[in-house]
Amino acid sequence: MTRDGDPTATPTNPLGAYLQARRGLVTPEQVGLPVGGVRRVPGLRREEVAMLAGVSTDYYLRLERGRDTHPSPQVLDALARVLMLDDVERAHLQHLAEPVRRARPRRTVERVPARLHALLAALQVPAFIEGRAFDVLAANDLAAAFSPRLRVGENRLRSLLLDAEERVFHRDWEGAVASFVGAFRHSVADEVHDQRVVELVGELSLASGRFRQLWARQDVRVLEGGSMTVDHPVVGELHLHRDKLPVDGLLLVLYYADPGSASAERLGMLASLARETSPHP
């Protein structure tokens with residue numbers, strides 16, 4: 001349960017909020033229960049989760065209400081099975097059940113070492129440095145040519161949700177949004193009291209209904225390597241690979257095409273245009 005019933009607020013009982021959100025996404029049919037009767041809640045009832053996990057309804061109620069926040073590994077495994085969690089979600093559930101120290105909101109300063117700026121300048125593909133809250137902390141000229149939302153000071157999640165051009169740019173905008181919101185929750189799992197995280201969640205909760213919906217689901221995803229298709233306004237369709245490499249607590253993000261492909265040729269054209277318009281010698 002979150003403060004004031006607001007699913008976008010920082011939960012005072014993260015474990016209970018996660019359990020409540022996830023049971024709302026599992027249907028009785030998925031776990032072999034009869035559907036008969038009027039159901040006033042989406043997904044599973046508390047007593048159904050308790051029965052399937054082999055714990056008492058009273059004990060499960062204590063978990064959701066924060067009166068017991070450290071269940072045994074066996075109970076966590078049973079709940080993960082009932083709630084149909086994957087490996088990433090299961091690890092997140094286990095993390096939420098670990099003892100944590102209460103902390104005041106704080107702002108963690110993220111700095112990009114000079115050597116990483118030099119690395120970005122040497123790379124011949126769009127590349128940038130990303131912080132834990134998806135802030136763009138450094139970028140090369142080709143990244144800015146690839147997307148103006150990849151300039152220093154931009155936030156990738158805010159741009160994706162609020163910038164109308166992103167809906168045209170990303171061929172699968174809905175899929176990208178769902179992945180990014182889940183990856184954001186995974187990235188900031190240990191930083192829920194960080195002032196930057198609190199501010200960003202508050203801003204996006206007010207400005208985007210889609211963010212509110214996805215954030216309330218409490219999906220957790222790992223957004224590392226993968227492929228994407230974008231419609232670039234200058235060079236057209238690009239099929240690219242994406243890799244995220246951890247460096248000094250930050251992430252180096254690279255976009256690149258298959259050698260010899262049409263996308264590689266178009267990315268080369270974009271690089272030529274970026275060199276012509278670059279303010280750097």
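Just above sits the structure.
In what follows, the accompanying structure is described. Predicted, not measured: the structure shown is a model, and the values here were computed from it.

**Focus on the sheet that holds strand 2 (residues 136–139)**
Now for step 1: Pairing is antiparallel in the open sheet, where five strands are placed in the order 2-1-5-4-3. In this open sheet, the two edge strands, each paired with only one partner strand, are strand 2 and strand 3 (226–232). When the angles between neighbouring strand axes are averaged without regard to direction, this sheet yields 30°.
Now for step 2: As paired elements, strand 1 (residues 127–130) and strand 5 (residues 250–256) share four bridges and run antiparallel to each other. Across the sheet, the residue bridging to F128 is V253, located in strand 5.
Now for step 3: Sitting on the sheet, helix 6 (residues 114–122) is in contact with strand 1, strand 2, strand 4 (236–247) and strand 5, with an inclination near 155° to strand 1.
Now for step 4: Sitting on the sheet, helix 13 (residues 262–277) touches strand 3, strand 4 and strand 5, and the angle it makes with strand 4 is about 80°.

**Quick look at the environment of V188**
Now for step 1: With respect to the helices and strands, V188 occurs in the loop between helix 10 (173–187) and helix 11 (195–207).
Now for step 2: Residue V188 is classed as buried on the basis of its relative accessible area of 2%.
Now for step 3: Put simply, V188 and R132 are 56 residues apart on the chain and 6.4 Å apart in space, counted from C-alpha to C-alpha.
Now for step 4: Those residues within four positions of V188 in sequence are excluded, and the remaining contacts are R132, A133 and V197.

**Considerations on the packing of aromatic side chains**
Now for step 1: In total, this model carries seven aromatic pairs according to the counting rule given.
Now for step 2: Measuring from centroid to centroid gives 5.6 Å for F134 and F180, while their planes differ by 75°, and the two rings are edge-to-face. Of this pair, F134 sits in the loop between strand 1 and strand 2 while F180 is found in helix 10, placing the two residues 46 residues apart along the sequence.
Now for step 3: Residue classification places F134 among the buried residues on the basis of a relative accessible area of 3%.
Now for step 4: Take F180: its relative accessible area is 6%, and that puts it in the buried class.
Now for step 5: Summarising the aromatic geometry, the rings of F184 and W215 are spaced 5.5 Å apart at their centres and angled 40° between planes, so their arrangement reads as tilted. Placement of F184 in helix 10 and of W215 in helix 12 (residues 209–217) is noted, with a sequence separation of 31 residues between them.
Now for step 6: Taking the relative accessible area as the measure of exposure, W215 reaches 8% and is therefore buried.

**Remarks on the packing of helix 4 (residues 73–82) against helix 5 (residues 87–96)**
Now for step 1: Between helix 4 and helix 5, whose axes approach to 10 Å, the crossing angle comes to 140°. Viewed along their axes, helix 4 and helix 5 adopt a mutual orientation that is oblique. The crossing of helix 4 and helix 5 is right-handed. For the pair formed by helix 4 and helix 5, the contact residues are L76, D77, L79, A80 and R81 on the first element and R90, L93 and Q94 on the second.

**Remarks on the pairing of strand 4**
For a regular strand, side chains alternate in direction, first toward one face of the sheet and then toward the other.
Now for step 1: Both strand 3 and strand 4 contribute to a ladder of seven bridges, which runs antiparallel. Looking across to strand 4, one finds that V230 is bridged to L238.
Now for step 2: Turn length for the strand 3-strand 4 hairpin, with the two strands adjacent in sequence and antiparallel, is three residues.
Now for step 3: Pairing analysis gives seven bridges linking strand 4 to strand 5, with the strands arranged antiparallel. Bridge pairing links H241 to Y256 in strand 5.

Conventions we followed
- Residues numbered from 1 in each chain as written.
- Predicted model: local features only at pLDDT ≥ 70, side-chain atom pairs only at ≥ 80, totals over all residues.
- Heavy atoms only, no water.
- Pairing = 2+ DSSP bridges.
- Helix = DSSP H or I, 4+ residues; strand = E, 2+ residues; numbered from the N terminus.
- Axes fitted to C-alpha atoms, helices over the stretch in contact; angles between N-to-C directions.
- Contact = heavy atoms within 4.5 Å.
- Buried < 20%, exposed > 50% of the residue type's maximum accessible area, 1.4 Å probe, protein only.
- Phe/Tyr/Trp six-rings, centres within 6.5 Å; stacked < 30°, edge-to-face > 60°.
- Parallel < 35°, antiparallel > 145°, perpendicular 65-115°, else oblique.
- Left-handed = near helix turned anticlockwise from the far one by under 90°.

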